[in-house]
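# Structure assessment
For reference, the chains in residue letters:
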Amino acid sequence: MESGPLGVHTALVTSPLDPASAATWVEPAVYEPARLAAVARSGLLEAAKQDSWDSLTALAARLLHAPMAFLTVVDEDRSNWLATCGVDVTDVERPGGPVAGSFCQYVIADRGPFAVSDASVHPRTMRNPAVTDMGVRAWAGFPVVDSLGHALGSFCVMDVAAREWSEDDLTTLGVLAQAASSQISLFAAVRDNGQSFRDELE
């Protein structure tokens, strides 16, 4: 395994070499019971849309000059887009896609950042369905974690053209991912306190 700036993994091969199985390959860490329990416990997949999350993805896209940015939560089936920039999801009931076609699985598996300058030639990502389905070329993301450190999903940026991510880019993205994690923890705290208050009234 090789590491780039900030320890970002750039050459780890864990996906199958057989193209026929690549479309359904998912990093095993996605299915860890403790992680999936944390996703369910977070309540994020049932939460109303939060404007502050959209603001973070818009800021990421602007600062990194990336056409698309996402805040995701990954369950056992899908990478669910809690917030996006550069993608029209107005008429989509449940924005996102199959986890096998998501790059979020790599930051979950690594428990850390992952970046690629050209996904179509990178040994870890070249067979990912998103390369052809979404035209992913450059991608960079950091895990979004709950208060216990479970990786719920990712905060990431994407480009349809190959490009190098600078150390400043990755530092900025890491700070914004931490902010997203903090907002998610705050959301959970407010929700739990509200539930405790309702329980006391009953």
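Okay, so let's go over this structure. (Residues numbered from 1 in each chain as written. Predicted model: local features only at pLDDT ≥ 70, side-chain atom pairs only at ≥ 80, totals over all residues. Heavy atoms only, no water.)

## Examining the nonpolar core
Leu 44, Trp 53, Leu 71, Phe 155, Val 157 and Trp 165 are the most contacted members of the largest nonpolar core, which has 30 residues in total. Mapped by element, the contributors of at least two residues to this core are helix H2 (33–42), helix H3 (51–63), strand E1 (68–74), strand E2 (78–85), strand E5 (138–145), strand E6 (151–159) and helix H6 (167–201). In terms of residue count, the dominant contributor to this core is H6 (seven residues). Formed by 16 residues, the second largest nonpolar core is a distinct cluster that contains Met 68, Val 89, Phe 103 and Ala 119. (Core = buried A, V, L, I, M, F, W, Y, C linked by side-chain atoms within 4.5 Å. Buried < 20%, exposed > 50% of the residue type's maximum accessible area, 1.4 Å probe, protein only. Helix = DSSP H or I, 4+ residues; strand = E, 2+ residues; numbered from the N terminus.)

## Structural notes on the pattern of salt bridges
If you walk through the whole model with that rule in mind, you get five salt bridges. With its nearest N and O atoms 2.8 Å apart, the salt bridge here joins Arg 111 to Glu 32. Taken together, the residues Arg 111 in the loop between helix H4 (104–110) and strand E4 (114–116) and Glu 32 in the loop between helix H1 (19–22) and H2 connect sequence positions 79 residues apart. Residue Arg 163 pairs with Asp 159 through a salt bridge whose shortest N-O separation is 3.9 Å. Here Arg 163 and Asp 159 have matching classes, each one buried. Connected through shared salt-bridge partners, Glu 27, Asp 110 and Arg 124 make up one network. (Salt bridge = Lys/Arg side-chain N within 4 Å of Asp/Glu carboxyl O.)

In short, the description is geometric, and any link to function would need to be established separately.
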